[in-house]
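If you want the building blocks of each chain, they are given just below.
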Amino acid sequence: MQYLRHVIISAVLFMVLSTPTLAALTQSQVDYDSKTKQILILHSYHPGLPSTNANMTGIQEALTQALEHPNIHVEYLDTKRHPDSEYFAHVLDVILHYKLEKSSFDLIMVSGNEALNFVLEHRDELFANTPIVFSAIESFPEAMLKGQKQMTGVIQDPDYRGLIEQALRFHPQAKRAVIVGRTTGFTNQQVNNRLHNLIKNFTQIDFEFWSDLSHHELIQKLEALSPDELVFISGLFMDQNGNLPCFLCERNPGATIRAPIYSPLEIYFGKGTIGGLLIDSRQQGRLAGELALQILSGTNPDDLPVIRPNQGVPRFDSLALKRHNISAGLLPPNAQLINQPPNVYALSKTQIQALIISLVMSFGLIFILSTNFLKRLKAERLYKQLSQQFQVILTGIPDRLTLITPEMKVIWSNKGEAEYFRQDVGADPEVYCCKLPYNKEMLCNNCLAAESLKSGNIGEATIINHDGLILEVKAFPLKDTQGSVTSAILLASDVTEKTNLREEAIRASQLASLGELAAGVAHEINNPNALIKLNAELVKSSFEGAIPILQKHFEQHGDFALGGLTYSEIRDEIPYLFKEMLEGSERIKNIVSDLKDFSRNDTPNHDDLIDINDLARTAIRLINNMIKNSTDHFRTDFADHLPIVNGSFQRIEQVVVNLLVNACQALSNKTETVRISTRHDAQNHWNILEVRDEGIGISSTHLDRITEPFFTTKRKEGGTGLGLSLASRIVADHGGKLDFNSQQGQGTTVTLTLPTKMTGEHQ
């Protein structure tokens, strides 16, 4: 193996140093043949769970033997670790609708009751006219399958009755049995219903259900049981660290747990359970894959019967049998045993002679081969020295080099690869290459290495790994003397910093351009706004002069029409209209001033004495119509006698308006609440204003960037990404803080903190 490794290292170095100019490379993508089958595999639980992995392995074994490069899309519902109905009904629905509603598949494969239940509930909207193959289905109500077309699959049918009968044969003295299980999740509920109905047939023993116990409680209760009491495990449990599954018997249970333990789940076999007929998840996945192949080849799913696989021969743990004094004569005749002690046999004279002859021949062979050893030793030393030099060169290369087989498995990688992917690749040989950057068990779509292995051409692409690093990847095919591709080299370079610097330069350029644009817009708006303000004041003065004349006419002749309105209406409304016109003109002037401030570095006037409550009420009035259209539950909670704040009233008002607009836009319906409140922190001399909404919230990946210029999650709705950036800058200019606290799906709270005047006076 050492010799082979040196050969591989040499080949890698040769190919890297002899590649053509990188500038001539072009990006390549895998373009699957139009006949490639599109398959969706939907698992009820999470990757890493042994039963899920075994089922997936069985499916892959069946599909990959008959299909070339199937395009397989895999989703995991993760309902074992998140069994609550809110997660299943809302989070999964939203995520899977978003990912799958625009996708089209030739076949859907599901494993587990939860996945099948999801597909049946959403078949019309997401999977119409798509054949379905299910597997790992336990105690599923057959009524749910009635009326369903183009569906078949594999039902796992644990022999709970046989397991209980077997336990009673082994322990005829037992009078009490405990069934350990869970009530959360669709599968667990079905299994519990089945067991409740089944135990009615066993009147000679009392049954008790232990459901949803924590790891600590379960271990304590199991250790309290006597050898004459039985334990049946029907579900998976979290261990003390919250991981699935919990191996209850991993720590030599014979020392503390005296009761015999039984389970049809293979995951516990060999770790303390006695055994029997066990579920084979890999077999179910393979059978489901074979049904899928028949459907993809043209067979109508309705013509394929639902399979209930034979559970094979019963298997037992010899150590558990011995610990509970179970006689081998009680076992079925075809039973298989594990953990059997090694047999010790006495050697006969003939066997001893044969052994001596074999040893003599072996020593003779060793003597013959040793004559070549010294010759090879010198050559190997020289070769080792040369290989070490090559290894130093490869290790010193900062970029990542990976050698990949045609089966898309990593067989070698340099030190840079291990550092990049946060693991030692050499310690886990033949892992899928997509496992490293993406933690995937299957081949990625448009895989660069797969295309290079298939076409024999050099490929290039840019990817982002699971840590968010940007990586330029190039694939180089390695060919034998006949020109056939035998493997491929992936060369990955980290360009994250370079890309970020380029983006920062672009943003800086955009800000500079925006400053120039703001100055120009401000100049163009100022002139007509000044004219509007001048004319409005002149008209207001003229109207005030005409009021005595019009009032006298009104008193003599009664009310009269003027411009489509009665004089009494005009007399009451026109003064407010003039006031609003002049206030609007002044607001335009202030906005123009802000635009000018944005385009220059000087600090605006902060001489206003601001009552935060009055400012909040003014902001609410400005967007009152938007608030009414967004929510039926707008709440205010203003503290009394707040200290005065020094600053620009209009600029702080602009910040509060922006926060209220964002809160309204975050709501999904009018039943959700927006609340604005104020309070005073006397110890730190702060006035605090909070805007809280019950909207969609902000994801953790976006929360740290929301005040960056031009960053927005509402680009399609016309967002520019400047609102919160400008608001943050205004608050900082006033010596304040703007804090955001949000969780996706649970709303957002924005806290505006401003320093108060240090006079101690409250107004």
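Everything numeric here is computed off the predicted structure, so don't read it as measured data.

Caption draft 1: Here's a closer look at the overall build of the protein. The number of helices and strands found in the protein is 21 helices and 26 strands. Taking all 763 residues of the protein together, 42% fall into the buried category. Look at the contacts in the protein between residues 6 or more apart in sequence, and 69% of them connect residues 24 or more apart. Summed over all atoms, the accessible surface of the protein reaches about 42,100 Å², with 53% contributed by carbon and sulfur.

Caption draft 2: Local environment of the pattern of salt bridges. Summed over the entire model, instances satisfying the criterion amount to 14 salt bridges. The partner of Asp632 in a salt bridge is Lys670, and the shortest N-O contact between them spans 3.5 Å. Residue Asp632 is located in the loop between helix 18 (624-630) and strand 21 (633-637), and its partner Lys670 is located in the loop between helix 19 (649-666) and strand 23 (673-681); the two are separated by 38 residues in the primary sequence. Judged by relative accessible area, which is 52%, Asp632 ranks as exposed. Between Arg679 and Glu690 there is a salt bridge; the shortest N-O distance is 3.2 Å. Of the two residues, Arg679 sits in strand 23 while Glu690 sits in strand 24 (residues 686-693), which places them eleven residues apart along the sequence. Salt bridges linked by common partners bring Glu61, Arg282 and Arg286 together as one network.

Caption draft 3: Molecular detail of the side chain of Thr673. Considering the arrangement of structural elements, one finds Thr673 in strand 23. Assessed through its relative accessible area of 15%, Thr673 is described here as buried. Excluding residues within four positions of it along the chain, Thr673 makes contact with Thr631, His633, Arg635, Leu667, Arg692, Asp693 and Glu694.

Caption draft 4: Local environment of the sheet that holds strand 12 (residues 336-338). Ordered by their spatial adjacency, three strands build an open sheet running 10-11-12, and the pairing between neighbours is mixed. Of all the strands in the sheet, the pair left with one neighbour each is strand 10 (275-276) and strand 12. Two strands pair when backbone bridges link them, and strand 10 and strand 11 (residues 315-317) are joined in this way by two bridges, in the antiparallel orientation. Within strand 11, the position partnered with Gly276 by the bridge is Arg315.

Caption draft 5: Local environment of the pairing of strand 8 (residues 229-233). With respect to burial, strand 8 is a largely interior element, five of its five residues being buried. Strand direction decides the pairing type here: strand 6 (residues 176-181) and strand 8, joined by five bridges, are parallel. From the neighbouring strand, Arg176 faces strand 8, where its bridge partner is Glu229.

Caption draft 6: Representation of the packing of aromatic side chains in the model. Considering all chains together, one arrives at six aromatic pairs under this definition. With 5.4 Å between their ring centres and 45° between their planes, Phe554 and Tyr567 make a pair best called tilted. Highlighted residues: Phe554 in helix 15 (residues 496-557) and Tyr567 in helix 16 (residues 567-599), separated in sequence by 13 residues. Among the aromatic residues, those joined into a ring-pair cluster are Phe554, Phe560 and Tyr567. The ring of Trp210 carries the charged tip of Lys221 above its face, separated from the ring centre by 4.3 Å. Note that Arg571 overlies the ring of Phe554, its terminal NZ or CZ placed 5.3 Å from the centroid.

Caption draft 7: Geometry of the confidence of the model for the protein. In the predicted model, the protein carries a mean pLDDT of 78, and 78% of its residues have values of at least 70. Here residues 1-34 is a poorly scored stretch, pLDDT under 50, and it has 53 contacts once near neighbours within four places are set aside; other chains count. Counting interchain partners and residues more than four positions distant, the pLDDT-below-50 stretch residues 759-763 has seven contacts.

Caption draft 8: View of the nonpolar core. Val656, Leu660, Ile676, Leu689 and Leu752 are the most contacted members of the largest nonpolar core, which totals 35 residues. Going through the elements one at a time, helix 17 (612-622), helix 19, strand 23, strand 24, helix 21 (723-733) and strand 26 (748-755) are the ones with two or more residues in this core. Ranked by residues supplied to this core, first place goes to helix 19 with nine residues. Apart from residues no more than four positions distant in its own chain, Leu660 is found in contact with Ala619, Ile620, Ile623, Phe634, Ile676 and Val691.

Caption draft 9: Spotlight on a negative patch on the surface. Together, Asp559, Glu569, Glu573, Glu580 and Glu583 make up a region of like negative charge exposed at the surface. Relative to the assigned elements, Glu573 resides in helix 16. Residue Glu573 is classed as partly exposed on the basis of its relative accessible area of 47%.

Caption draft 10: Representation of helix 2 (residues 50-66). The end-to-end C-alpha distance of helix 2, which contains 17 residues, comes to 25 Å, matching closely the 24 Å that a straight helix rising 1.5 Å per residue would cover. Thr52, Asn55, Met56, Gly58, Ile59, Gln60, Ala62 and Leu63 are the residues of helix 2 that are buried. The inward-facing, buried residues of helix 2 contact strand 1 (38-43), strand 2 (71-76), strand 3 (107-111), strand 4 (132-137) and helix 9 (281-296).

Caption draft 11: Region of the structure containing the environment of Met109. Within the secondary structure, Met109 is located in strand 3. Here the alpha-carbon distance between Met109 and Val119, two residues ten residues apart in the chain, equals 9.7 Å. Apart from residues lying up to four places away in sequence, Met109 is in contact with Ile39, Leu40, Ile41, Leu42, Ile59, Leu63, Val133, Ala288, Gly289 and Ala292.

Caption draft 12: How the structure looks around the side chain of Asp78. Mapped onto the fold, Asp78 is located in the loop between strand 2 and helix 3 (85-100). The class for Asp78 is buried, based on a relative accessible area of 12%.

Caption draft 13: Structural detail: the environment of Val178. Within the secondary structure, Val178 sits in strand 6. Residue Val178 is classed as buried on the basis of its relative accessible area, which comes to 0%. Here the alpha-carbon distance between Val178 and Leu230, two residues 52 residues apart in the chain, equals 6.1 Å. Excluding anything up to four places from it in sequence, Val178 contacts Glu208, Trp210, Leu225, Leu230, Val231 and Phe232.

Quick notes on the rules
Residues numbered from 1 in each chain as written. Predicted model: local features only at pLDDT ≥ 70, side-chain atom pairs only at ≥ 80, totals over all residues. Heavy atoms only, no water. Helix = DSSP H or I, 4+ residues; strand = E, 2+ residues; numbered from the N terminus. Buried < 20%, exposed > 50% of the residue type's maximum accessible area, 1.4 Å probe, protein only. Contact = heavy atoms within 4.5 Å. Areas by Shrake-Rupley, 256 points an atom, 1.4 Å probe, with all protein chains shown as cover. Salt bridge = Lys/Arg side-chain N within 4 Å of Asp/Glu carboxyl O. Pairing = 2+ DSSP bridges. Phe/Tyr/Trp six-rings, centres within 6.5 Å; stacked < 30°, edge-to-face > 60°. Lys NZ or Arg CZ within 6 Å of the ring centre and 35° of its normal. pLDDT = per-residue confidence, 0-100. Core = buried A, V, L, I, M, F, W, Y, C linked by side-chain atoms within 4.5 Å. Patch = residues over 30% accessible without salt bridge, like charges linked within 9 Å, V, L, I, M, F, W, Y side chains within 5 Å. Lys, Arg positive; Asp, Glu negative; His and termini not counted. Charge placed at Lys NZ, Arg CZ, Asp CG, Glu CD. Expected span 1.5 Å × (residues − 1).

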